[in-house]
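Okay, here's what each chain looks like letter by letter:
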Amino acid sequence: MRFVVISTGILLVLAGLLLALVFLLPYDISSSLLDNLAADGSLEFFTPERYVQFRLLWLGGAILAGAGGAVLVFSQRLASILARFCRQLALDRRAFFALFARRPDERWERWTVAALTVISAFQKIAWLSQPMNHDESYTFIAFAARPFFKVISDYHLPNNHIFHTILVYISYHTIGAEPWMVRLPAFLAGVLFVPAAYLAARGLFSRPAAVLSAAIVAVLPVVTRYADTARGYTLVGLFSLLLVGLAAFVRTRPNRFAWLLLAGCAALGMYTIPIMLYPFGVVMTWLFLSWLARDVAPEYSRMGFLAAFFASGGLALLLAGLCYTPALVFSGFDSLAGNAFVRAQDWGYFYESLFARLGVTWTEWTLNLPGIIVWVLVAGSALALVFHRRVSKHRVPLLAALLSWMAVLLLIQRVAPEPRVWFFALPLLALYPAAGLALALSAVAGRGPRPAWLPRVILATALVIGLSGLAQSWSLAAKYRPGEAGADEQAVLFLEPLLAPGDVILTAFVDGPMLRYYAHLHDLPEVYFEPGESLETAYVLVNTDEAQSLGGVTAETGLSALLDLDSAELVGEAGYLLIYRVPALEP
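S.K.: Please clarify how the overall build of the chain should be interpreted in this entry.
M.R.: Each helix and strand in the chain was counted, giving 29 helices and four strands. Expressed as a percentage of the 587 residues in the chain, the buried residues total 48%. A separation threshold of at least 6 residues defines the contact pool for the chain, and within that pool the share at least 24 residues apart is 78%.

If you want it as structure tokens, here you go:
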């Protein structure tokens, strides 16, 4: 192991020297050296502009790599400490994965969770090809369809959920740009809610509660809605569940590997959307309160747990910061932390909008859920909270940490979150009705030894919940036909044979991203959305659902003065879009 540490140090020193050499030499010399590494003899990425842009960044990296490598090579004590840490990490990794070994008494339980995962996938597949909306279309056109460097460095709007956009970029360049392909990362994350909820609830409550948790998150309509939208919110929800499961694990067992996984999940969540600070703070608050309540494994020393706690939390923040480095360098710090979406509101507006948005959030969470089901879930949550000591393996309720952390953060931030920001909390809160329902079923069985039929009843209940949600989702899909072409795609298909050189498509901002996405999908050149010097005809799309007008759309695009609006002609309709042909004014 010591040999590995020293070898790593030597490689870091060499890497630092090579980076320094590339960016200290004049561009012409560096470019000629790097061109030899390319298969075609030309490294197109290394342009003079990028040489200047990257210079300070990579020189700093070279210094850090060289210094770190030198420390590993020449500090015998540090090398010894790292070697011991790596050996213990390997042992902890084996201990961690040993928990997932097959056990005969869990066979049907695992098959049930697997079946619920498949049910969840089929429930969401019904909506996977629905027409693209504004935000996900903008994410694709402005970020994922551009070069990879732009994906990780362009943060002109918070629409760029960077880690999610990277996954969309991979999906797009691997399999294509159809809506279901663009939505694949969000979809898979939503499907993985099921096993993640099972693991989280098993760490917090019991095996019956874990199975019922998997069933509930598998069928919640709002989870389907987010899983079928190409945005990063389901990734944040998935990482939130994984954090809870890992936190429950490290609370009861000292394990370096699990602490590192916790840091990694938190960092990836924050790299997806900075709002991951909410669930990350919730989990760290819960661990800290558990430490205060002396509800951690006795194998930890009093300060040993705190050391692991701060090391893991600090590593998560450090990794997230490193991931955001390109965006901070090329888009600026204000784009991340000073944009209009995170700017503090005045107190009066903050309180008013907070309660209004909480109401909208509740409406969103209960959408398409029968009233009786909502009351059953609320009653189950109440049972779990009232009988917390009977249903849980821990003293401090996770809900207490969630409320306390969110209250403090909201008062400091003074920003009323949109409903989508609260989405991370839904799968965490869904664990509570499952625990309450498991308690109720156990109470029906009576006290004493658990009867043999109880696990089967719980598994059957979970499958009934899953199949009911699947039936409801496909029933709604048959009614709304989400796979049919939407207004924006219809408009693109209508315009495609009409367009000629000198023509331009004009839309309001709210419709632009969807039309550009479908134009990209159907190979309609981008030039038709950018008026040139020889403007001949404008095709103006007016959205009747948004109460738009022909004059309003042309005024928003800034081209009213170039168009003969009096000669405008309605040439077609595509759903809620009216399509006008407007000739340009004579020069």
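What follows picks up the thread again.
S.K.: How should the sheet that holds strand β2 (residues 537-543) be read in this particular structure?
M.R.: Consider a sheet: its strands pair through backbone hydrogen bonds, and that pairing is either parallel or antiparallel. Ordered by their spatial adjacency, four strands build an open sheet running β1-β2-β4-β3, and the pairing between neighbours is mixed. Taken across any chain shown, the strands that pair with only one partner, and hence form the sheet edges, are β1 (503-506) and β3 (569-574). Put simply, the sheet's adjacent strands are angled 20° from each other on average, direction ignored. The pairing of β2 with strand β4 (residues 577-583) spans seven bridges and is antiparallel. What sits directly across from threonine 537, in β4, is proline 583. Relative to the sheet, helix α27 (residues 487-495) contacts β1, β2, β3 and β4, its axis offset from that of β4 by approximately 35°. Lying on the sheet, helix α29 (residues 550-557) is in contact with β1, β2 and β4; it crosses β2 at an angle near 115°.

S.K.: So what exactly am I meant to see when it comes to the packing of aromatic side chains here?
M.R.: Given two aromatic rings, their pairing is described by the distance between the two centres and the angle made by the two planes. Throughout the structure, instances matching the rule amount to 26 aromatic pairs. With 5.4 Å between their ring centres and 75° between their planes, phenylalanine 205 and tyrosine 432 make a pair best called edge-to-face. Placement of the pair is phenylalanine 205 in the loop between α11 (193-204) and α12 (207-219) and tyrosine 432 in helix α25 (residues 431-445), with a sequence separation of 227 residues. Take phenylalanine 205: its relative accessible area is 2%, and that puts it in the buried class. The class for tyrosine 432 is buried, based on a relative accessible area of 3%. Consider the rings of tryptophan 347 and phenylalanine 350, whose centres lie 6.1 Å apart with planes at 80°: the pair is edge-to-face. With tryptophan 347 and phenylalanine 350 both in helix α20 (residues 347-365), this residue pair falls three residues apart, about one helical turn. The class of tryptophan 347 is partly exposed, set by a relative accessible area of 41%. On the basis of relative accessible area, phenylalanine 350 is assigned to the buried category, the value being 1%. Counting every residue linked through ring pairs, the aromatic cluster contains Phe96, Phe97, Phe249 and Phe257. Taking NZ or CZ as reference, arginine 225 lies 5.6 Å from the ring centre of tyrosine 226, over its face. One cation-aromatic arrangement involves arginine 414 over tryptophan 347; the distance from NZ or CZ to the ring centre is 5.0 Å.

S.K.: How do you make sense of the nonpolar core when you look at a structure like this?
M.R.: Membership of the largest hydrophobic core comes to 112 residues, with the highest contact counts inside it found for Trp286 and Leu287. Counting residues per element, this core draws most heavily on helix α14 (residues 233-252), which supplies 13 residues. Beyond its immediate stretch of four places on either side in the chain, leucine 287 contacts Ala247, Val250, Arg251, Trp259, Leu262, Phe305 and Phe309. Counting 27 residues, the second-largest nonpolar core is a separate cluster that includes Ala177, Ala487, Ala519 and Tyr528.

S.K.: It is not clear to me how the packing of helix α8 (residues 162-175) against helix α10 (residues 184-191) should be interpreted in this structure. Could you clarify?
M.R.: Packed helix pairs are characterised by how far apart their axes lie and by the angle those axes make with each other. Remark: α8 packs on α10, axes separated minimally by 8 Å, with the N-to-C direction vectors making an angle of 115°. Note on element contacts: α10 touches α8 through Leu184, Pro185 and Ala186, opposite His164, Leu167, Val168, Ser171 and Ile175. When grouped by side-chain class, the residues that make up the contact of α8 with α10 number six nonpolar, two polar and no charged.

S.K.: I keep staring at the environment of arginine 581 and nothing clicks. Help me out?
M.R.: Structurally, the position occupied by arginine 581 is in strand β4. Each C-alpha atom of the pair arginine 581 and valine 540 lies 6.5 Å from the other, and the pair is 41 residues apart in sequence. If we skip the residues at most four places from it in the chain, arginine 581 touches Thr537, Ala538, Tyr539, Ser567, Ala568, Glu569 and Val571. Side chain to side chain, arginine 581 and tyrosine 539 meet in a polar contact 3.2 Å long.

S.K.: Honestly, unusual backbone geometry in this entry has me stumped. Any pointers?
M.R.: Note: most residues except glycine have negative phi, and most peptide bonds are trans. Even without being glycine, arginine 294 reaches a positive phi, approximately 55°. Mapped onto the elements of the fold, arginine 294 is located in the loop between α16 (277-292) and α17 (302-323). A positive phi is found at arginine 414, a non-glycine position, where the angle reads about 55°. Of note, arginine 414 is situated in the loop between α23 (398-413) and α24 (425-429).

S.K.: Please clarify how α8 should be interpreted in this entry.
M.R.: Taking 1.5 Å of rise per residue, the 14 residues of α8 would be expected to cover 20 Å, and the 20 Å separating its terminal C-alpha atoms lies within 8% of that figure. Among the residues of α8, Ile162, Phe163, His164, Thr165, Ile166, Val168, Tyr169, Ser171 and Tyr172 are the ones counted as buried. Downstream of α8 by one or two residues, glycine 176 has phi in the positive range, about 135°.

S.K.: Looking at this model, I keep getting lost on helix α21 (residues 371-386). Mind explaining?
M.R.: Over its 16 residues, α21 extends 23 Å from the first C-alpha to the last, a length consistent with the 22 Å expected when each residue adds 1.5 Å. Those residues of α21 that sit buried are Val374, Leu377, Gly380, Ser381 and Ala384. One face of α21 carries all of its buried residues, which in axial projection span an arc of 125°. Exposed positions of α21 whose direction lies more than 90 degrees from the buried face are Ile372, Trp375 and Val386.

S.K.: What am I meant to see in the pairing of β3 here?
M.R.: On any regular strand, side chains alternate: one points to one face of the sheet, the next to the other face. One ladder, built from five bridges, connects β3 with β4; its direction is antiparallel. Following the sheet pairing, alanine 574 is matched in β4 by leucine 577. Linking two consecutive strands that pair antiparallel, namely β3 and β4, is a turn of two residues; a positive phi of about 60° is found at glycine 575 within it.

S.K.: Looking at this structure, I do not really get the side chain of threonine 554. What am I missing?
M.R.: Relative to the assigned elements, threonine 554 resides in helix α29. Judged by relative accessible area, threonine 554 falls into the buried class, the value being 0%. At 3.0 Å, the side chain of threonine 554 and the backbone oxygen of glycine 551 are in polar contact.

S.K.: Explain the environment of leucine 354 to me, please; I cannot follow it from the model alone.
M.R.: Structurally, leucine 354 can be placed in helix α20. A relative accessible area of 11% means that leucine 354 is categorised as buried. Put simply, leucine 354 and glutamate 418 are 64 residues apart on the chain and 8.8 Å apart in space, counted from C-alpha to C-alpha.

What counts and how
Residues numbered from 1 in each chain as written. Predicted model: local features only at pLDDT ≥ 70, side-chain atom pairs only at ≥ 80, totals over all residues. Heavy atoms only, no water. Helix = DSSP H or I, 4+ residues; strand = E, 2+ residues; numbered from the N terminus. Buried < 20%, exposed > 50% of the residue type's maximum accessible area, 1.4 Å probe, protein only. Contact = heavy atoms within 4.5 Å. Pairing = 2+ DSSP bridges. Axes fitted to C-alpha atoms, helices over the stretch in contact; angles between N-to-C directions. Phe/Tyr/Trp six-rings, centres within 6.5 Å; stacked < 30°, edge-to-face > 60°. Lys NZ or Arg CZ within 6 Å of the ring centre and 35° of its normal. Core = buried A, V, L, I, M, F, W, Y, C linked by side-chain atoms within 4.5 Å. Nonpolar A, V, L, I, M, F, W, Y, C, P; charged D, E, K, R; others polar. Polar contact = N/O pair within 3.5 Å; in protein donor to acceptor, adjacent residues only side chain to side chain. Expected span 1.5 Å × (residues − 1). Arc of directions from axis to C-beta.

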